[in-house]
Amino acid sequence: MNEAGNFLGRESTVVPGRFGEPLEVTHAYMSPKDGGAYPQRPIFLCLHGWGSNEDDIAQIMRYVAPFNDFASLRAPLVLQEQGIMPGAYSWFHDSVPVGEDLDRDMYAAAVAIDEWVDAHIAKDRDVVPLGFSQGGALAVHLLRVNPQRYRAAVSLSGFLAPGMVKGAAPADQKLEELEIPVFYGYGEADAVIPRYELNAAAAWLEEHTWLTMKTYRHLDHAVSVPEFNDIKQWLIMNNISSGVI
């Protein structure tokens, strides 16, 4: 952070939050040794979806990269207060916001995550966001906010902010130049995210990142073992994980 309070690397911009409240990540589930067991390898940043929590999303790591460290973050909005089951959290005020609401929610959550990374992960450590649904959307949006900080990204059943609000995706032009590897996967039977949103996200990622896209027949809004196998191979190809099981 510099003297003006801006995080170095992130584009200098301020987007008002949807309801004016600042978001802050306060809970993280870390892999052994506080995420320091394998310091020579990239650390994963696990981001859960709506109604889930940091413990659930962390389980993916034992399938795709068991010998990498991870930090699994809890979203700051508590759904329990809204009558949902205990242990349920959200990054956004709706499960899938739209339009300007999505821009504002996405930016606020991405900045909160980026601030947590700045405060808790060594500056010279490669970071790879991996998320599902809301978390998948944020894995990509972190690249649109501070692309230099993130080595690659994995978006599972994620979606894209439309960029209607000025400053909500400040680094898009810079991102195009960097060719950051992104894995994007979703089920062809997804009944939560409309197909046109999935297609739009894929098209945008093709233009702005070094994209690998996989779709899965009969898979709904979920993840699967074939998807994990594809992620595992992609991680090896991009020298992010060792491939050892």
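In this text the structure is predicted, and so the values were computed from the model without any measurement.

## Re the sheet that holds strand β2 (residues 43-47)
- The seven strands are arranged β1-β3-β2-β6-β7-β8-β9 in an open sheet whose pairing can be described as mixed. Edge positions in the sheet fall to β1 (28-30) and β9 (210-216), since each has one partner strand and no second. With direction set aside, neighbouring strand axes in the sheet form an average angle of 15 degrees.
- Note: strand β7 (residues 153-156) against strand β8 (residues 181-187), four bridges, orientation parallel. Bridge pairing links valine 154 to phenylalanine 183 in β8.
- Packing against the sheet, helix α4 (residues 99-120) makes contact with β1, β2, β3 (70-73) and β6 (127-132), and its axis sits at approximately 150 degrees to β2.
- On the sheet, helix α8 (residues 225-237) packs against β2, β7, β8 and β9 and is oriented at approximately 170 degrees with respect to β8.

## Focus: helix α5 (residues 134-145)
- Its 12 residues give α5 an end-to-end C-alpha distance of 16 Å, which sits within 8% of 16 Å, the value for a rise of 1.5 Å per residue.
- Those residues of α5 that fall on the buried side of the exposure criterion are Gln134, Gly135, Gly136, Ala137, Leu138, Ala139, Val140, His141, Leu142, Leu143, Arg144 and Val145.

## A word on the pattern of salt bridges
- For the structure on display, the rule yields four salt bridges.
- Residues arginine 74 and glutamate 54 are paired through a salt bridge, measuring 2.9 Å at the closest nitrogen-oxygen approach. Of this pair, arginine 74 sits in the loop between β3 and β4 (77-78) while glutamate 54 sits in helix α2 (residues 54-58), and the two are 20 residues apart along the sequence. Taken as a pair, arginine 74 and glutamate 54 share a single burial class, namely buried.
- We note a salt bridge from aspartate 172 to arginine 144, for which the minimum N-O separation is 2.9 Å. Taken together, the residues span a long stretch of sequence, with aspartate 172 in helix α6 (residues 172-178) and arginine 144 in helix α5 at a distance of 28 residues.

So, how was this worked out
- As a convention, each chain's residues are numbered from 1 in the sequence order in which they are written.
- In keeping with the predicted nature of the model, local features appear solely for residues at pLDDT of at least 70, side-chain atom pairs appear and are counted solely at 80 or more, and the whole-chain, interface and lining totals rest on all residues.
- Just so you know, side-chain values use all the structure's heavy atoms and leave hydrogens and water out.
- For two strands to pair, DSSP has to find at least two bridges joining them.
- Strands are runs of DSSP state E lasting at least 2 residues, helices are runs of H or I lasting at least 4, and numbering of each runs from the N terminus.
- Axes, fitted as lines to C-alpha atoms, cover a helix only where it is in contact. Angles between the N-to-C directions of the axes lie from 0 to 180 degrees.
- It only takes one pair of heavy atoms within 4.5 Å for two residues to be counted as in contact.
- Multiplying 1.5 Å by the helix residue count minus one yields the expected span of that helix.
- Buried means the residue's accessible area, taken with a 1.4 Å probe over protein chains only, is under 20% of the maximum for its type, while exposed means over 50%, and partly exposed covers the values in between.
- Whenever a carboxyl oxygen of Asp or Glu lies within 4 Å of a side-chain nitrogen of Lys or Arg, that contact is scored as a salt bridge.

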